[in-house]
Amino acid sequence: MLDVKNVTKKYGKVTACNDLTFHLNPGDMTILLGPNGAGKSTLMKSIIGFLKYDGRIVVGGYKNKSVDAKRILGYVPEIPSLYPNLTVEEHMEFIARAYKLTDYKDRIDMLLKRFELDDKRKKFGDELSKGMQQKLNLCIGLLPDPKVLLLDEPMIGLDPHAIKELKNIIDEMRESGKTLLVSTHIIDSVDMLWDRTLIMQNGNIMANITKAELDEKGESLEDLFFEITEGIDPKDVKEAKEEV
Ligand code: ADP
């Protein structure tokens, strides 16, 4: 469903993405994990077509920058970019029209209710708190219900209710066959169902493994993450614990 081939993105001398190649299957929920500065946002912005890069990215058989790809590809950026002079309701309406959605009213109601923005419909973008802006940012990204959705650090700034709702929505989308790529640097936030993880560090993909493969090895995601990012062998941790 998503093919990333030999993607390299440099900012001056910094190589944010270094010759990345991977494939995501339809219906897979993939966690893109990595410390700050690993290159996760750059990878997402390349997939969505916001950046120039070397390499090839294909979504559902279409080049990522084509109109056909844009119809099936969605993105929730880490930092919301709202219009100060549009209300919550107008933001949603604007996106619905931009995507030429039909019968979208119920979906708008559902999203605004689930993210507790229903009573903020008439508020302008710049009247919303940071957390509310984050929630509206999510509602905007979720409204078109894309086949492939990229969520960049979506839990940041959300209150516990919104985090719970978002995790439920991610589970529901996975259940209905959507392809999801969710980035995070907070390993503790990964407690929803997932199928694959890509672990990035210094612009490289250090691990590309399915949940089933990891389970078979008897390792947790945390073991793997620290093994990669801090060079800690999980066996040493277990042995050290046994010695104590
Ligand atoms: P992550 O999302 O994993 O935190 P980023 O993709 O934001 O990582 O950043 C990867 C690297 O690219 C970092 O070294 C960061 O400083 C650099 N970088 C990101 N955006 C820019 C930019 N617009 N200009 C220059 N360097 C950037």
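Let me sum up the structure you'll find in this document.

What counts as what
Here the residue index of a chain counts from 1 through its sequence in written order. Reporting of local features is limited, given that this is a predicted model, to residues whose pLDDT is at least 70; pairs of side-chain atoms are given and counted only at 80 or more, and all residues count toward the totals for whole chains, interfaces and linings. Note that the side-chain values use all heavy atoms of the structure and ignore hydrogens as well as water. Nearness is defined per residue: one heavy atom within 4 Å of the molecule or strand is enough. Polar contact is defined as a pair of N or O atoms within 3.5 Å, subject to the rule that within protein one atom must be able to donate a hydrogen and the other to accept it, and that residues adjacent in sequence are counted only when both atoms are side-chain atoms. Each accessible area value is a Shrake-Rupley result obtained with a 1.4 Å probe; residue values ignore everything except the protein chains displayed when judging cover. Counting from the N terminus, the helices are the DSSP runs of H or I reaching at least four residues and the strands are the DSSP runs of E reaching at least two. Three classes are used, and their members are as follows: Ala, Val, Leu, Ile, Met, Phe, Trp, Tyr, Cys and Pro are nonpolar, Asp, Glu, Lys and Arg are charged, and the others, Gly among them, are polar. Here's how the labels work: a residue is buried when its accessible area is under 20% of the maximum for its type, exposed when over 50%, partly exposed in between, all with a 1.4 Å probe on protein chains only. The directions from the helix axis to the C-beta atoms are what the arc is built from. Note on contacts: a residue pair qualifies if any of its non-hydrogen atoms lie within 4.5 Å across the two residues. Using a grid of 1 Å spacing that covers the protein atoms alone, one calls a set of points a cavity when a 1.4 Å probe fits there but cannot get out, and a pocket when the set is open and has protein on both sides within 12 Å along at least five of seven lines; lining residues are those with an atom within 4 Å of a point. Grid points are joined across faces, edges and corners, and a volume is the space filled by probe spheres set on the points. Residue types Ala, Val, Leu, Ile, Met, Phe, Trp, Tyr and Cys, when buried and joined through side-chain atoms within 4.5 Å, form a set referred to as a nonpolar core. Helix axes use the C-alpha atoms of the stretch in contact, all axes being lines fitted to C-alpha atoms, and the angles between their N-to-C directions lie in the range 0 to 180 degrees. Every angle not falling under 35 degrees, over 145, or within 65 to 115 is termed oblique; those three ranges are roughly parallel, roughly antiparallel and roughly perpendicular. What makes a crossing left-handed is the near helix being turned counterclockwise from the far one by less than a right angle; a clockwise turn instead makes it right-handed.

### Structural notes on the site of the ligand
Part 1 of the reasoning: Taken together, the neighbourhood of the ligand is formed by Tyr11, Val14, Ala16, Pro35, Asn36, Gly37, Ala38, Gly39, Lys40, Ser41 and Thr42.
Part 2 of the reasoning: At a separation of 2.8 Å, an oxygen atom of the ligand approaches a polar backbone atom of Ser41.
Part 3 of the reasoning: Here an oxygen atom of the ligand and a side-chain polar atom of Thr42 are 2.5 Å apart.
Part 4 of the reasoning: Taken by itself the ligand offers 560 Å² of open surface, and the protein chains cover 57% of this.
Part 5 of the reasoning: Every element with two or more residues in the shell around the ligand is listed here: strand 2 (14–24) and helix 1 (40–48).
Part 6 of the reasoning: Of the residues forming the shell around the ligand, the biggest block, three residues, is contributed by helix 1.
Part 7 of the reasoning: Its residues placed into classes, the shell around the ligand shows five nonpolar, five polar and one charged.

### Some words on helix 4 (residues 105–114)
Part 1 of the reasoning: Those residues of helix 4 that sit buried are Ile108, Leu111, Leu112 and Arg114. Down the axis of helix 4, the buried set is contained in an arc of 165°. They therefore lie on one face. Every exposed residue of helix 4 that faces more than 90 degrees away from the buried side is listed here: Asp106 and Lys113.
Part 2 of the reasoning: Its buried side turned inward, helix 4 meets helix 3 (88–98), helix 5 (130–142) and helix 6 (160–175).
Part 3 of the reasoning: Just downstream of helix 4, Glu116 is the residue with a positive phi angle, here 50°.

### Observations regarding empty space enclosed by the protein
Part 1 of the reasoning: Scanning all chains against the criterion turns up one cavity of 30 Å³ or more.
Part 2 of the reasoning: Considering only enclosed or pocket space, the largest cavity measures out at about 30 Å³ in volume.
Part 3 of the reasoning: In terms of lining residues, the largest cavity is bounded by Ile31, Pro154, Met155, Val182, Ser183, Thr184, Ser189, Val190 and Met192.
Part 4 of the reasoning: Per element, the largest residue contribution to the lining of the largest cavity is three residues, and it comes from strand 8 (residues 179–184).

### Quick notes on the nonpolar core
Part 1 of the reasoning: Counting 45 residues, the largest nonpolar core has Met29, Met92, Leu111, Phe115, Leu136, Leu151 and Ile170 as the members making the most contacts within it.
Part 2 of the reasoning: For Met29, the residues in contact, after removing those within four places along its chain, are Ile170, Arg174, Leu180, Val182, Met192, Leu193, Trp194, Asp195 and Arg196.
Part 3 of the reasoning: Core analysis: the second largest hydrophobic core is formed by 25 residues, Val4, Val7, Val59 and Val148 among them.

### Observations regarding the packing of helix 3 against helix 4
Part 1 of the reasoning: Put simply, helix 3 and helix 4 touch, their axes get as near as 11 Å, and they point 135° apart. Here helix 4 runs oblique to helix 3, going by the angle between their axes. Crossing of helix 3 against helix 4: the hand is right-handed. Counted together, Val88, Met92 and Glu93 of helix 3 and Lys105, Ile108, Leu111 and Leu112 of helix 4 form the full contact between these two elements.
Part 2 of the reasoning: Grouping the amino acids of the contact of helix 3 with helix 4 by side-chain chemistry returns five nonpolar, no polar and two charged.

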